[in-house]
Amino acid sequence: MRRVKKSVVVVTMMLFSMMLFSMMNVHAANKKLKVNKVYTTTKKIKGKTKKKYLVKVKIGKKIYKKKASSKGNFTIPIPKQKVDKKLTVKAYRKKNKKWRLYAKKTITVKKKTVKATTKSKYPGKEDAIDLEQVKKDLAIGKEIHKADLGIGKGKYYYSVNYGSCKGSARVGYVDDYIYVDTNGEFVTLKPLNGATLYYTVAGASEKPMTQLEEPTFDSEQLKPGQKVVFYCGDFNKNGRRGDLYLKVKAYKNGKLIAVSYDFHYMIRLISLH
C-alpha cells in the first residue's frame, strides 16, 4: 500500500514539473518584442514591446536607447548602416529598481530596393506630336496650358494661344531641339540634338500669327550644324520695331517631335551658315 502511495506522489510531482516547464516556455514564447525591418537608408529603428520597457541597440561601441511609450511603441534614431550588418535589439523591464533583460532580437540590415517609378504622364522626348490635335486646340482661340511648363531643357510643353497671341504654340521638349536666342537686336535660330528644322517667318506688321503659313518640307530648312540670324534694325510704319512671327517644326528620325510658333523682335534675314 505504501509503495502505491509513493508511486502516486512521484507521478504527481513529475506531472507538476512538466506543467511548470510548459508554462515557463509559454511565457517565454509570449515575450513581446517586434522590430521593423532595417534598410541601408533607415535612420530610425522602430518597433513595439511592453509599455515603458527600455529598448537598447548597440552599434559598435555606442549604445542607442529609448523607453517605449505607454502603448509599447519605440523609435530609436541611429546612423545609416551598411548592408548585411547585424544589429541586436534588447528590451529591458524594471524589477526591484534594476533593468533586467526581457527579450532580444537580432536583425540584418537589408539593401533598400528602388520601387519602380510610375510611368510619366508626359510623352517621351522623341515621341511624335499629334499635330492634328494641336491644330484643333489652336482653333479653340483660348489659352491652353498643360504638362510641365518649367523653364529650360528637359521640360515638356503643351502651351497654345499664350500671351494673348492667337496661333502661338510650344509643344514637346522644345528647348531640347529648337534654339532661339534674342538680344533685342538679333535673333538666332538653330537646331539642337540632331533635329532638322523647317520654318516660316514674317513680320508682325505683315500678317498675324494665325495667317502665317505652316512650315512644310518645302519651307526653309535648317539641318544640324546650320543656323539662321535675323536682324531687327528696321522700323514699321509707326516708327517702331516690329515683332517677328516665327513658326518652327523640329523633326528627328522622320517624326515631328517639337513645335514652336512664337514671336520675337526682328525683321530682316541677314545670313545663313
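Going by the structure above, here's the rest.
Residues numbered from 1 in each chain as written. Predicted model: local features only at pLDDT ≥ 70, side-chain atom pairs only at ≥ 80, totals over all residues. Heavy atoms only, no water.

1. Regarding the sheet that holds strand β1 (residues 33-35)
- Strand order in the open sheet formed by three strands is β1-β2-β5, and the pairing between neighbours is antiparallel. The outermost strands of the open sheet, each flanked by one partner alone, are β1 and β5 (73-77). Each neighbouring strand pair of the sheet contributes to a mean axis angle of 25 degrees, computed without reference to strand direction.
- Where β1 lies against strand β2 (residues 44-49), three bridges are found, and the strand directions are antiparallel. Bridge pairing in β2 links V35 to G47. (Pairing = 2+ DSSP bridges. Helix = DSSP H or I, 4+ residues; strand = E, 2+ residues; numbered from the N terminus. Axes fitted to C-alpha atoms, helices over the stretch in contact; angles between N-to-C directions.)

2. Some words on the sheet that holds strand β4 (residues 62-67)
- Spatial ordering of the open sheet is given by β4-β3-β6-β7, a layout of four strands whose pairing is antiparallel. Sheet topology places β4 and β7 (98-108) at the edges, where each strand pairs with a single neighbour. Neighbour to neighbour, the strand axes of the sheet diverge by 25 degrees on average, direction disregarded.

3. Description of the side chain of T196
- With respect to the element layout, T196 can be found in strand β13 (residues 196-203).
- Excluding residues within four positions of it along the chain, T196 makes contact with Q221, L222, K223, P224, K249, A250 and Y251. (Contact = heavy atoms within 4.5 Å.)

4. Points about the pattern of salt bridges
- Summed over all chains, the structure comprises eight salt bridges.
- Salt-bridge contacts for R170 lead to D175; the nearest nitrogen and oxygen are separated by 3.1 Å. This pair shows no difference in class: R170 is buried, exactly as D175 is.
- Measuring nitrogen to oxygen at the nearest pair gives 3.9 Å for the salt bridge that ties E214 to K247. Residue E214 is found in the loop between β13 and β14 (220-222), and its partner K247 is found in strand β16 (residues 243-252); the two are separated by 33 residues along the sequence.
- Given a relative accessible area of 30%, E214 falls into the partly exposed group.
- With a relative accessible area of 4%, K247 lands in the buried category.
- The structure contains a network of salt bridges with shared partners spanning R170, D175 and D262. (Salt bridge = Lys/Arg side-chain N within 4 Å of Asp/Glu carboxyl O. Buried < 20%, exposed > 50% of the residue type's maximum accessible area, 1.4 Å probe, protein only.)

5. Remarks on helix α2 (residues 131-140)
- All buried positions along α2 are accounted for by L131, V134, D137 and L138. Axial view of α2: buried residues confined to an arc of 120 degrees, hence all on one face. Exposed side of α2, more than 90 degrees from the buried face: K136 and A139 are the residues found there.
- One or two residues past the end of α2 sits G141, with phi positive at roughly 90 degrees. (Arc of directions from axis to C-beta.)

6. Here's the deal with unusual backbone geometry
- Positive phi values are uncommon outside glycine, yet N96 reaches one of about 55 degrees.
- On the secondary structure map, N96 appears in the loop between β6 (86-95) and β7.
- For N96, a relative accessible area of 63% corresponds to the exposed category.

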